[in-house]
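In case you want the letters, here they are:
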Amino acid sequence: MITTKQDIRKLSDDQLKTWLTSHGEQGFRAKQIQEWLWKHSVRTFEEMTNLSLKTRQLLAEHFEVRALAVSKQQQSADGTIKSSFRLFDGNLVEGVLIPSLRKSEDDRMTACISSQVGCSLTCKFCATGYMDRKRNLEASEMVDQVVAIDQQAKEAYGTGLTNIVYMGMGEPLLNYANMLESVERITSPNGLGMAAKRITVSTAGIAKMIKKLGDDQVKFNLALSLHAANDEKRNQIMPINESNSLPALAEALTHFYQKTGTRVTFEYIVFNNVNDTLEDAKELWQFTKKVPAKVNIIEYNPISEADYKNTDPQTLDRFAGFLEDRGVIVNIRRSRGKDIDAACGQLAGKQ
């Protein structure tokens, strides 16, 4: 729908204060409005009950709140909930609620959110990689996914979110400014108030932006989708590696660790007869020596666009055991929500 109204959540505190005073309103109202928008997540000006009717009408004449809406919701047999979110311009993105199945993590509720409509990186194993990138998400659209999935967690499981991962559709580091602003809104006491250490941003590996994360001394966690510790193999799986080689990534990750002190997570999907041999495990072990890291070994989730297959359980266990025997911290992440195309690599904005 075409509108001439401005999205109020794109205004900074100072911009909103300036606008208010230029329209005869008191500047301190800006803080109240921002708290309604970001802390209380209201979607209409009528809900801002500590503002006068005149002020609310003035805001409604000039601004709108471009909130996303749940277009479709599916629940997996394992309790995972996938949502298709419709944005103000009609585009769709997907987000996932992942309740923990581990007894040691009984209270863990994780939201997996998207950062772009589509993706430009063409990773061969990922459904989103077969889509065109239509646009970046605004910070508010990433925050809205968190708010919506948090509400789903409370309704379905009686408890709110504990963790957020930027691992849905898109490459977060190619939407850097909006991603950082969304984290700020999520972690701010005047926003959702979540701890930064409960947030993980996953990247396919943009070396210069990983360095920038270090320079900005971010407080959240960083995960690298590695999937091969061999440039030739990684080039085939992830074309981004041709311009962001493993040596370049190792240098960038070292810089990130030196600046932040935060251990990196390597995500490694084990594909049958592609990257699952003990030689592959040895190469991964060697790469983990370059920067303090832990490894998440992830089961592959099939997609119709690709012919990759998950490795067999014995090979996976042998691969993980090789790393563990050499002191690497390893977690094996089992597929969640595969029956509703909600698992890692399966998100594609389908209706």
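- By the naming in an unreviewed UniProt entry, the chain is Probable dual-specificity RNA methyltransferase RlmN, taken from Larkinella humicola.
- What UniProt states about the chain under its Sequence similarities (unreviewed entry) heading is, verbatim, "Belongs to the radical SAM superfamily. RlmN family."
- Quoted verbatim from the Subcellular location (unreviewed entry) heading of the UniProt record, the comment on the chain is "Cytoplasm".

**Considerations on the UniProt feature "binding site: [4Fe-4S] cluster" (unreviewed entry) in the chain**
Moving on, step 1. In the UniProt entry, the feature "binding site: [4Fe-4S] cluster" (unreviewed entry) is given for Cys-119, Cys-123 and Cys-126.
Moving on, step 2. Locating Cys-123 in the fold gives a position in the loop between β7 (116-117) and β8 (135-136).
Moving on, step 3. For Cys-123, a relative accessible area of 11% puts it in the buried group.
Moving on, step 4. Setting aside residues no more than four positions away along its own chain, Cys-123 makes contact with Gly-129, Tyr-130, Ile-237, Met-238 and Pro-239.

**Let's talk about the domain arrangement of the chain**
Moving on, step 1. Assigned domains of the chain: these are domain 1 (6-64) and domain 2 (69-340).
Moving on, step 2. Here the C-alpha centre of domain 2 lies 35 Å away from the C-alpha centre of domain 1.
Moving on, step 3. Buried surface at the junction of domain 1 and domain 2, summed over both partners, amounts to about 940 Å²; 44% is from carbon and sulfur atoms.
Moving on, step 4. Looking at the side of domain 1 facing domain 2, the largest losses of area belong to Arg-9, Trp-38 and Lys-39, adding up to 57% of the total buried there.
Moving on, step 5. Across the domain 1-domain 2 interface, the total number found is 3 salt bridges.
Moving on, step 6. As a salt-bridge pair, Asp-144 and Arg-43 come within 2.5 Å of each other at their nearest N and O atoms.
Moving on, step 7. Here the side of domain 1 that touches domain 2 takes 4 residues from helix α2 (residues 29-39), the largest share from any one element.
Moving on, step 8. For the side of domain 1 that touches domain 2, the per-class residue count stands at 2 nonpolar, 2 polar and 7 charged.

**Description of the side chain of Ser-114**
Moving on, step 1. Along the chain, Ser-114 falls in the loop between β6 (109-112) and β7.
Moving on, step 2. Judged by relative accessible area, Ser-114 falls into the buried class, the value being 0%.
Moving on, step 3. A distance of 2.6 Å separates a polar side-chain atom of Ser-114 from the backbone oxygen of Glu-94.
Moving on, step 4. Excluding residues that lie within four positions of it along the chain, Ser-114 makes contacts with Val-93, Glu-94, Leu-137, Met-142, Gln-145, Gly-168 and Met-169.

**Some thoughts on the UniProt feature "active site" (unreviewed entry) in the chain**
Moving on, step 1. When the UniProt feature table is mapped onto this chain numbering, "active site" (unreviewed entry) sits at Glu-94 and Cys-344.
Moving on, step 2. By the element assignment, Glu-94 lies in strand β5 (residues 92-99).

**Comments concerning the layout of surface pockets**
Moving on, step 1. Computed from the structure, the second largest pocket encloses a volume of approximately 240 Å³.
Moving on, step 2. Taken together, 15 residues make up the lining of the second largest pocket; nearest its centre are Asp-13, Lys-31, Gln-34, Arg-185 and Asn-190.
Moving on, step 3. For the lining of the second largest pocket, the secondary-structure elements that each account for two or more residues are α1 (13-22), α2 and α5 (176-187).
Moving on, step 4. Ranked by residues supplied to the lining of the second largest pocket, first place goes to α2 with 5 residues.
Moving on, step 5. Both domains that meet at the lining of the second largest pocket, namely domain 1 (6-64) and domain 2 (69-340), each give it at least three residues.

**Focus: the packing of α1 against α2**
Moving on, step 1. Between α1 and α2, the least distance of the axes is 8 Å, while the angle of their chain directions is 125 degrees. With respect to α2, the element α1 is oriented oblique. The interaxial crossing formed by α1 with α2 has right-handed handedness. Contact with α1, carried on its side by Asp-13, Leu-16, Lys-17 and Leu-20, involves Arg-29, Ala-30, Ile-33 and Gln-34 of α2 and no other residues of that element.

**Some details on α1**
Moving on, step 1. Looking at α1, one finds that the buried residues are Leu-16, Trp-19 and Leu-20. Looking straight down α1, one finds its buried side chains confined to an arc of 100 degrees; they lie on one side. Of the exposed residues in α1, the ones pointing more than 90 degrees away from its buried face are Asp-14, Thr-18 and Ser-22.
Moving on, step 2. Where α1 is buried, its residues meet α2, α3 (53-62) and β2 (63-64).
Moving on, step 3. Gly-24 sits one or two residues past α1 and shows a positive phi near 80 degrees.

Rules used in this analysis
- Residues numbered from 1 in each chain as written.
- Predicted model: local features only at pLDDT ≥ 70, side-chain atom pairs only at ≥ 80, totals over all residues.
- Heavy atoms only, no water.
- UniProt positions renumbered as here; feature names shortened; annotations may be inferred.
- Helix = DSSP H or I, 4+ residues; strand = E, 2+ residues; numbered from the N terminus.
- Buried < 20%, exposed > 50% of the residue type's maximum accessible area, 1.4 Å probe, protein only.
- Contact = heavy atoms within 4.5 Å.
- Domains from an automatic or database assignment.
- Buried area = accessible area lost by both parts, 1.4 Å probe.
- Salt bridge = Lys/Arg side-chain N within 4 Å of Asp/Glu carboxyl O.
- Nonpolar A, V, L, I, M, F, W, Y, C, P; charged D, E, K, R; others polar.
- Polar contact = N/O pair within 3.5 Å; in protein donor to acceptor, adjacent residues only side chain to side chain.
- 1 Å grid on protein atoms, 1.4 Å probe; cavity = no way out; pocket = protein on both sides within 12 Å on 5 of 7 lines; lining within 4 Å.
- Points joined across faces, edges and corners; volume = space filled by probe spheres on them.
- Axes fitted to C-alpha atoms, helices over the stretch in contact; angles between N-to-C directions.
- Parallel < 35°, antiparallel > 145°, perpendicular 65-115°, else oblique.
- Left-handed = near helix turned anticlockwise from the far one by under 90°.
- Arc of directions from axis to C-beta.

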